[in-house]
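# Observations on chain architecture
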Amino acid sequence: MLDTFDHAILNVVQADNRLPNREIARRVNLSETAVRRRLDRLRSDGVIRSDVSLLDRDALGQTLIVSVVFCEDTAEAHARFRREMVASERVMQCYSIAGEVDFTLIVHAADLREFELWAQSSLLGDPIVKRYETSVVFTTHKFSTAVPLG
């Protein structure tokens, strides 16, 4: 169970996880030791899954949003496709969704030619894929990994 101090700590580290514990402690009105213990617990419990640096995707290539529709809707097909997309270094995010589309992927490639080669082997080459539609991201106006907490 997360309390208000946990929420406050999580809000701080979502904005900047490189802050020293003493600065986090100052911002949330706790001792440095209490912050360290709470952060250790939040990490060991899996609430904080990882500490990463976010890169400017626009400066490093092309982001594409891909909607995938299957020929047949089976649990085995979903599981296999999900495993393959999770293993692909090109796929940044993979969502199994409800509705007419089975999966939505956020894919990153150096350029559109690289994406085309990936799509040919990973999507067109997959007999379970009935069709896929790609949206090219021109500009990212908002991108956040922060989960809103009360």
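Just above sits the structure.
Our subject in this report is the structure included herewith. Residue indices begin from 1 for each chain and proceed along its sequence in written order. Local features in this predicted model are restricted to residues whose pLDDT is 70 or higher, and side-chain atom pairs enter the listing and the counts only when it is 80 or higher, whereas totals over whole chains, interfaces and linings include all residues. The basis for every side-chain value is the complete set of heavy atoms in the structure, and neither hydrogens nor water enter the calculation.

Here we come to the packing of aromatic side chains. A pair of aromatic rings is counted whenever rings of Phe, Tyr or Trp (Trp by its six-membered ring) have centres within 6.5 Å, and the orientation is called stacked for planes under 30 degrees apart, edge-to-face for over 60 and tilted otherwise. Throughout the structure, instances matching the rule amount to 4 aromatic pairs. Measuring from centroid to centroid gives 5.6 Å for Phe-70 and Phe-103, while their planes differ by 35°, and the two rings are tilted. Here the residue Phe-70 occupies a position in strand 1 (residues 62-70), and Phe-103 occupies one in strand 3 (residues 103-109), the gap between them amounting to 33 residues. Relative to Trp-118, the ring of Phe-115 has its centre 6.0 Å away and its plane inclined at 35°; by these criteria the two rings are tilted. A run of H or I in DSSP counts as a helix once it spans at least four residues, and a run of E counts as a strand once it spans at least two, with each numbered from the N terminus.

The next point concerns the environment of Ser-135. Note on placement: Ser-135 falls in strand 4 (residues 129-136). What makes Ser-135 partly exposed here is its relative accessible area of 41%. Expressed as a C-alpha distance, the spacing of Ser-135 and Arg-57, which sit 78 residues apart in the sequence, is 16 Å. Only heavy atoms matter for contacts: two residues are in contact if any of them lie within 4.5 Å across the pair. Excluding residues that lie within four positions of it along the chain, Ser-135 makes contacts with Thr-63, Leu-64 and Ile-65. Only protein chains enter the area calculation, which uses a 1.4 Å probe; residues under 20% of their type maximum are buried, those over 50% are exposed, and those in between are partly exposed.

By disulfide we mean two sulfur atoms from cysteines, separated by a distance within 2.5 Å. The tally for this structure, following the rule as stated, stands at 0 disulfides. Residue Cys-71 stays outside any disulfide, its sulfur separated by 17 Å from that of Cys-94, the closest cysteine.

This part covers the packing of helix 2 (residues 21-28) against helix 3 (residues 32-44). For helices, the axis comes from a line fit to the C-alpha atoms of the stretch in contact; other axes are also lines fit to C-alpha atoms, and the angle between any two N-to-C directions lies between 0 and 180 degrees. Packing of helix 2 against helix 3 leaves a shortest axis separation of 8 Å and a crossing angle of 105°. When the interaxial angle is binned, helix 2 and helix 3 end up roughly perpendicular. For the pair helix 2 and helix 3, the contacting residues are Asn-21, Arg-22, Ile-24, Ala-25 and Val-28 in the first and Glu-32, Val-35, Arg-36 and Leu-39 in the second. Looking at side-chain class alone, the contact of helix 2 with helix 3 contains 5 nonpolar, 1 polar and 3 charged residues. Any angle from 65 to 115 degrees is called roughly perpendicular, while one under 35 is roughly parallel, one over 145 is roughly antiparallel, and all others are oblique. Under this grouping Gly is polar, as are all residues other than the nonpolar Ala, Val, Leu, Ile, Met, Phe, Trp, Tyr, Cys and Pro and the charged Asp, Glu, Lys and Arg.

This paragraph deals with helix 5 (residues 112-124). Helical periodicity: at 3.6 residues per turn, an α-helix aligns residues three or four positions apart in one direction. How far a helix is expected to stretch is found by multiplying one less than its residue total by 1.5 Å. When the terminal C-alpha atoms of helix 5 are compared, their 16 Å separation across 13 residues is substantially less than the 18 Å that a helix rising 1.5 Å per residue should span. One axis is fitted to the seven residues ending at the residue and one to the seven starting there. The bend at that residue is the angle between these axes. Its axis deflected by about 25° at Trp-118, helix 5 carries its strongest bend there. Among all positions of helix 5, only Phe-115, Trp-118, Ala-119, Ser-122 and Leu-123 are buried. Elements that come into contact with the buried residues of helix 5 comprise strand 1, helix 4 (75-87), strand 2 (91-96), strand 3 and strand 4. One side-chain oxygen of the residue at the start of helix 5 lies 3.2 Å from the amide nitrogen of Arg-113, identifying that residue as Asp-111. Within 3.5 Å is the distance limit for a polar contact, defined as a pair of N or O atoms, with the added protein rule that one can donate a hydrogen and the other accept it, and that residues adjacent in sequence qualify only through two side-chain atoms.

The subject of this paragraph is the nonpolar core. We call a set of buried residues a nonpolar core when its members are Ala, Val, Leu, Ile, Met, Phe, Trp, Tyr or Cys and they connect through side-chain atoms within 4.5 Å of each other. Within the largest apolar cluster, 18 residues are counted, with the highest numbers of intra-cluster contacts made by Val-68, Phe-81, Leu-105, Phe-115, Trp-118 and Leu-123. For this core, the elements supplying multiple residues, two or more each, are strand 1, helix 4, strand 3 and helix 5. If sequence neighbours within four positions are ignored, Val-68 has contacts with Phe-81, Val-101, Asp-102, Phe-103, Leu-105, Leu-123, Val-129, Arg-131 and Tyr-132. In this structure, Leu-10, Val-12, Val-13 and Leu-19 belong to the second largest nonpolar core, which totals 12 residues.

The salt bridge criterion pairs a side-chain nitrogen of Lys or Arg with a carboxyl oxygen of Asp or Glu, the two atoms within 4 Å. In this structure the tally under the stated criterion is 13 salt bridges. The shortest N-O distance in the salt bridge between Asp-40 and Arg-36 comes to 3.9 Å. Of this pair, Asp-40 and Arg-36 both sit in helix 3, separated by 4 residues, roughly a single helical turn. For Arg-36, a relative accessible area of 39% gives the class partly exposed. A salt bridge links Glu-116 to Arg-113; the nearest nitrogen and oxygen atoms lie 2.9 Å apart. Taken as a pair, Glu-116 and Arg-113 lie in helix 5 at a separation of 3 residues, close to a single helical turn. You can call Glu-116 partly exposed: its relative accessible area is 36%. Taking relative accessible area as the criterion, Arg-113 reaches 48% and is therefore assigned partly exposed.

Such coordinate-based values are descriptive only and should not be taken to indicate function.
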